[in-house]
Every structure is written in structure tokens, then in C-alpha cells.
Amino acid sequence: MITIGIIGTGYVGLVHGAVLAHYGFQVTCMDVDDYKITRLREGESPIYEPGLDKLLKEGLQSGALSFTTSAEQVVHNSDVIFIAVGTPSKMDGSADLRYVREAALSIAQYADRDKLVVLKSTLPVGTCGTFQRYFDSAVAGSGAAYRIEVASNPEFLRQGQAVSDALSPSRVIIGTESEHAERLLQSVYSVHADAGIPFLCTNLESAEMIKYAANSFLAVKISFINEMALLAEKVGANISHIAQGMGMDERISPHFLQAGPGYGGSCFPKDTQALVDVGRRSGEELYVVQAAIAANKKQKQTMLDRISETLSYGGSLKGRTIAVWGLAFKPDTDDIRETPSYDVIQGLSGKGAAIRVYCPQGMKQAVRLWPDLNPSIEYCISEEESAIQADAIVIMTEWEQFRRVDWNAIAGSMRSSFLFDCRNMFGQDKAVRGRFHYYGVGDGSDRRHYTLREAQ
Ligand code: UGA
């Protein structure tokens, strides 16, 4: 049986390790974070991801899953080592490969037999080839007889649905330079092959680029629909109907056509920037991707301006209380990285508004990671509490539970009744819209918009 190692226990590494253990492989997961590994050994997931706790407990109980902080141990234990460490953006937009390099150094240091190193982290095109040359010269320099081979196997799982995506991926992309590496990875994923999930085997560079191209394309799609939403408002059209009508064409598809406050998260903002950087280094200006990045920035600013202009007196929001619902960059995750909520809260509090927030999962992270915003935020235990004496509610993330609140009680407890629905959750809900001065995204068919001054 092939033994598996995973370096990096973030969303990708941890979910991937737990799923491979579920398929019966012996999996060793390694992370440099001592605290994280201690919690994981006790079956406690450091991240919120539906279904993950159950897989972790199952793996620990069966003994298929183990956790370590020792690079030597993970390398020693494993035939196939997945590198799934972070590749954050540097100031210039390029990917910071520090952690991937550290992982590669450890593998070269501790390898004592043939290894297949599989890069799951999203890496600039050409990185796998560079690592292959590094391993070749490290092994040759030591005079050893084994081979360390490199493969690229990008990950497409979505946060919030990571476990189900890993159990049933849309496709498996394998980039290799040898038939041996390709066969080995195909055996690791034989469950997916048996389930009829499509495989694409290609060279290292294409596999690396598929990931960036896929994420950038989705970011372009979102920015496109957001831009159409802003135009729809000006010309009296409705973006939900436009998206529905566009999505009926199977060449377009209805997915990723949900207008909103702009995309966030740890992937699209970082990967679009990194692809533009790869383009520049290769002498290719990527105009379409650059436009998506610029449109995303504009979208966040437009949401902020709309709220601010509606609620302010002479440009100031002093004396206004605004309830913000949803901090996570999307529902079913506690991740607040690059979340549009940050920009909106920063802008509103900068103009003097008191901010009361509620998010089902994101508040713990915000308390920890937003020291700059925390003095102007009051964290609340429920949607209801956040709305008491508020002038407006701003929905930033489409958590399902927001649909089930007691709107009568909430509207009754507010000082003024403005609802900025940046996710269009209630665009079709006449009962909710009827209780508020309602602002969706991209609905130009409703032109009866009031400012706070007019409403009073
Ligand atoms: C994204 C990709 O969807 C995954 O395939 C990929 O594996 C992952 O990045 C990654 O590179 O690791 P993720 O960032 O978890 O997944 O989240 P998405 O569901 O793609 O949403 C990203 C952002 O776009 C969110 O802020 C979301 O609210 C926004 N979005 C998405 C929209 O505004 N409209 C849409 O129609 C869809």
C-alpha cells in the first residue's frame, strides 16, 4: 500500500489528508505549528469545514491518520508527499514561495529512498520544473541511488464545501514528467477513476497553469456580472433576471453569475494578482485579468459609497449605527481573508459610524486578525442583537440562517429601517423588502430609493 505524507495542514492539506485516510491510505500530516498539531491529535479541527470533524475522528480512531511537527518523520513515513503549504501574495502581487521552499529543503534533507513530491499549493508556472532540477542536483550531489520526482496536482476544492469537493472532485489534473509518476498518482486517486471522475494528464507547466487560469476565469466571470449589475441599476434592468437569462445558454452556464460586493477569500485575489505577475515576467500583459481585479476593487468601493451616501449627513456617519451581517468571505466558512466585509467596515467606521457585527463563524477570526478595526466594532451574539437601535443592516455574506430571522422583531427594534442586501438574498422576497428601505445589487427596476434624511 502506498504511504502518504502531507506537508501543511491548512484547508487544502488537512482536508486532502483526511479524505485519503478515509480511502484507506496510511497518512502522516505535518505542520510547523505546534498548537495546531496538538489540537489535531485530539481530533479538534483548527478550521470550520462541514464534515471535517467526522473524517478526522474516523482517521484518528482507525489509526490511518497521524499528525506530526517533524519533517523527518513525514518524509521517512511516506512514498508520496503532497506539499500543501500557503503561497501568500508579496507586496508586488507575486507569490511568496518561502514555505514551499522550506518543505522542499526538508524533503531533500531526509529522503532516503524514491519519493514522489506532489505540489498541491498553487504555484507560478515553472516552479515544479525548478524543484525537479533542485531535487536532481541534491540527490546527485549526495551520491545516492534513489530519485525524487516532482508532480503537479492542483486542488479545486471550495471552502465551505471542501470535504464534499475532495470526495467528489470535478476533475483530477495530473502534471508529470514520467509515466512512473503518472501511474503512481493514478493509483492514489483510483477511487475517483472508479467513480468515473475525469482525469487529465499533462506536463508540469500546463497543470500549474490550469489552476491559475481556472481561478482567474471565475474571477473574471464574477467581475463581469458585477459590472453588468452596476449598469443594470442605471438602465432600469434587473441583474438576477439578466444572470438567469445568460445562464440558460449552456456555453455560459448559470454558475458564478451571482452579483455581490466583490469576490474575496484566500484564492481569487491572490491568484489573479499572481497570474498577472507571471504574465509580466513572461512578457505578456494580461489585460482581461487586470480588468477583473480593477472591477472588483470598484465593486467594493461602490457598495461602501452607496451605504455611506444614503446614511450620511454632509459626508459624516457620526451618530449612525450600522449592523453588518457576515464577516466570512462566503458562507459555511470562518475564513475572513480578503473579505469584502473588511473594506466596508473600515470605510464606514472611518466616517464615524458605530459598527455592530454578527457572523455565524467569522467573528473569532476577526477578533484575532483585525486589531485595527476592533476598537470600532461591537461583536454581537445574534442578528437580532446587532440590529437593536441600528439605522441600517448590511448583509455582506449570504448565510442561510439570515433567511430565518424574525424580521418583525428586528425591524421593530431598529432606529431607522435601511437594508443593504449586498448578496441579493431578499431581492425576490416582497415581505422582507416591504419592511425596509431596501437596496439590493443590480436592481434598476426599483428606483424608489430614499436617503436617511428623506426617510425621517
Ligand atoms: C475558489 C475556487 O472556486 C475553487 O475551485 C478553488 O479550489 C479555490 O478558490 C482555491 O484556489 O483554493 P473559494 O475561494 O473557496 O474557491 O470560494 P468561491 O466559492 O470560489 O468564492 C470566491 C469568492 O467569489 C467569494 O467571495 C464569493 O462570495 C464570490 N462569488 C462567487 C461571487 O461573488 N459570485 C459568485 O457567483 C460566486
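Everything below is about the structure printed above this text.
Residues numbered from 1 in each chain as written. Predicted model: local features only at pLDDT ≥ 70, side-chain atom pairs only at ≥ 80, totals over all residues. Heavy atoms only, no water.

J.: Can you break down the overall build of the protein residue by residue, with the values?
T.: The helix and strand tally for the protein stands at 19 helices and 14 strands. Here the C-alpha atoms of the protein give a radius of gyration of 24 Å, agreeing with the 23 Å that 2.2 N^0.38 yields for 456 residues. Overall, the C-alpha framework of the protein stretches about 80 × 45 × 40 Å when taken along its three principal axes. Considering the protein as a whole, with its 456 residues, one finds that 55% of them fall into the buried category. Taking contacts inside the protein between residues at least 6 apart in sequence as the whole, the part at least 24 apart equals 73%. Put simply, the protein shows about 20,200 Å² of open surface, and 52% of that area lies on carbon and sulfur atoms. (Helix = DSSP H or I, 4+ residues; strand = E, 2+ residues; numbered from the N terminus. Rg over C-alpha atoms; globule rule 2.2 N^0.38 Å. Buried < 20%, exposed > 50% of the residue type's maximum accessible area, 1.4 Å probe, protein only. Contact = heavy atoms within 4.5 Å. Areas by Shrake-Rupley, 256 points an atom, 1.4 Å probe, with all protein chains shown as cover.)

J.: Help me get a handle on the site of the ligand, residues and values and all.
T.: Near the ligand lie 19 residues; those nearest to it are F156, L157, Q159, K211 and N215. Separating an oxygen atom of the ligand from a backbone N or O atom of L157 is a distance of 2.8 Å. Take F329: an N or O atom from its main chain is 3.1 Å from an oxygen atom of the ligand. For the ligand, the protein covers 91% of the area, taking 710 Å² as the surface of the free molecule. Going through the elements one at a time, helix 10 (204-235) and helix 12 (268-281) are the ones with two or more residues in the shell around the ligand. Per element, the largest residue contribution to the shell around the ligand is 3 residues, and it comes from helix 10. (Near = heavy atom within 4 Å. Polar contact = N/O pair within 3.5 Å; in protein donor to acceptor, adjacent residues only side chain to side chain.)

J.: Would you mind going over the sheet that holds strand 9 (residues 321-325) in detail, with residue names and values included?
T.: Sheet strands pair via backbone hydrogen bonds, and the direction of the pair is either parallel or antiparallel. Taken in spatial order, the 6 strands make up an open sheet running 11-10-9-12-13-14, and their pairing is parallel. Edge positions in the sheet fall to strand 11 (377-379) and strand 14 (437-439), since each has one partner strand and no second. Between one strand and the next, the sheet's axes are offset by a mean angle of 20°, whatever the strand orientation. Of the strands in this sheet, strand 9, strand 12 (392-395), strand 13 (418-421) and strand 14 touch helix 13 (residues 287-311), which is tilted by about 170° from strand 13. Of the strands in this sheet, strand 9, strand 10 (354-358) and strand 11 touch helix 14 (residues 340-350), which is tilted by about 155° from strand 10. (Pairing = 2+ DSSP bridges. Axes fitted to C-alpha atoms, helices over the stretch in contact; angles between N-to-C directions.)

J.: Residues and numbers for the packing of aromatic side chains, please.
T.: One pass over the structure, following the stated rule, counts 10 aromatic pairs. Summarising the aromatic geometry, the rings of W407 and F436 are spaced 5.5 Å apart at their centres and angled 85° between planes, so their arrangement reads as edge-to-face. Pair noted here: W407 is in helix 17 (residues 407-413) and F436 is in the loop between helix 18 (430-435) and strand 14, with a separation of 29 residues, a long-range link. Of the two residues, W407 and F436, neither departs from the other in class, the shared state being buried. Three or more aromatic residues link up through ring pairs in this structure, and these residues are W325, F402, W407, F426 and F436. (Phe/Tyr/Trp six-rings, centres within 6.5 Å; stacked < 30°, edge-to-face > 60°.)

J.: I'd like a rundown of the pattern of salt bridges, residues and numbers included.
T.: Opposite charge on two side chains permits pairing when their charged atoms draw close. Counted under the stated rule, the structure contains 22 salt bridges. A salt bridge links R39 to E44, with the shortest nitrogen-to-oxygen separation between them at 3.0 Å. Overall, E44 belongs to the partly exposed group, its relative accessible area being 37%. Its salt-bridge partner being K270, residue D271 comes within 3.0 Å of it at the nearest N-O pair. Relative accessible area serves as the criterion here: at 1%, D271 is assigned to the buried category. For K270, a relative accessible area of 17% puts it in the buried group. Each of D136, R147 and E149 takes part in one network of salt bridges that share partners. (Salt bridge = Lys/Arg side-chain N within 4 Å of Asp/Glu carboxyl O.)

J.: For the packing of helix 10 against helix 12, give the residues involved together with the corresponding values.
T.: When two helices pack together, their arrangement is given by the angle between the helix axes and the distance between those axes. Running from N to C, helix 10 and helix 12 point in directions that differ by 115°, and their axes come no closer than 9 Å. With respect to helix 12, the element helix 10 is oriented roughly perpendicular. Relative to helix 12, helix 10 is oriented so that their crossing is left-handed. Facing helix 10, whose interface residues are K211, Y212, A213, N215, S216, L218, A219 and I222, helix 12 presents F268, D271, T272, A274 and L275. Of the residues contributing to the contact of helix 10 with helix 12, the split by class is 8 nonpolar, 3 polar and 2 charged. (Parallel < 35°, antiparallel > 145°, perpendicular 65-115°, else oblique. Left-handed = near helix turned anticlockwise from the far one by under 90°. Nonpolar A, V, L, I, M, F, W, Y, C, P; charged D, E, K, R; others polar.)

J.: Tell me about the nonpolar core, and please be specific about residues and values.
T.: One finds I393 and W407 to be the most contacted residues of the largest nonpolar core, which totals 57 residues. When near neighbours in sequence (up to four residues on either side) are disregarded, W407 contacts W325, I393, F402, L419, F426, V432, R435 and F436. Counting 39 residues, the second-largest nonpolar core is a separate cluster that includes A18, V19, L65 and V118. (Core = buried A, V, L, I, M, F, W, Y, C linked by side-chain atoms within 4.5 Å.)

J.: Provide a residue-level description of the pairing of strand 5 (residues 115-119), including the pertinent values.
T.: Summarising burial for strand 5: 5 of the 5 residues are buried, a large majority. Side chains of strand 5 alternate between two faces, with K115, V117 and L119 and L116 and V118 buried alike. In this structure, strand 4 (residues 80-83) lies alongside strand 5, joined through 4 bridges in parallel fashion. The residue of strand 5 that forms the bridge with I83 is L119. As for the winding sense of the linkage, the β-α-β connection from strand 4 through helix 5 (residues 98-110) to strand 5 is right-handed. For strand 5 and strand 6 (residues 148-152), the ladder comprises 5 bridges, and the chain directions are parallel. Among the inter-strand pairings, V118 is bridged to a residue of strand 6, identified as A151. After leaving strand 5, the chain enters helix 6 (residues 127-142) and then returns to the sheet as strand 6, a path that is right-handed. (Right-handed = clockwise from strand over helix to strand, strands pointing away.)

J.: Report on the side chain of T310, specifying residues and quantitative values.
T.: Residue position: T310 is located in helix 13. We classify T310 as buried; its relative accessible area is 7%. A polar atom in the side chain of T310 sits 2.6 Å from the backbone oxygen of R306.

Interpretation in functional terms is not warranted from these geometric data alone.
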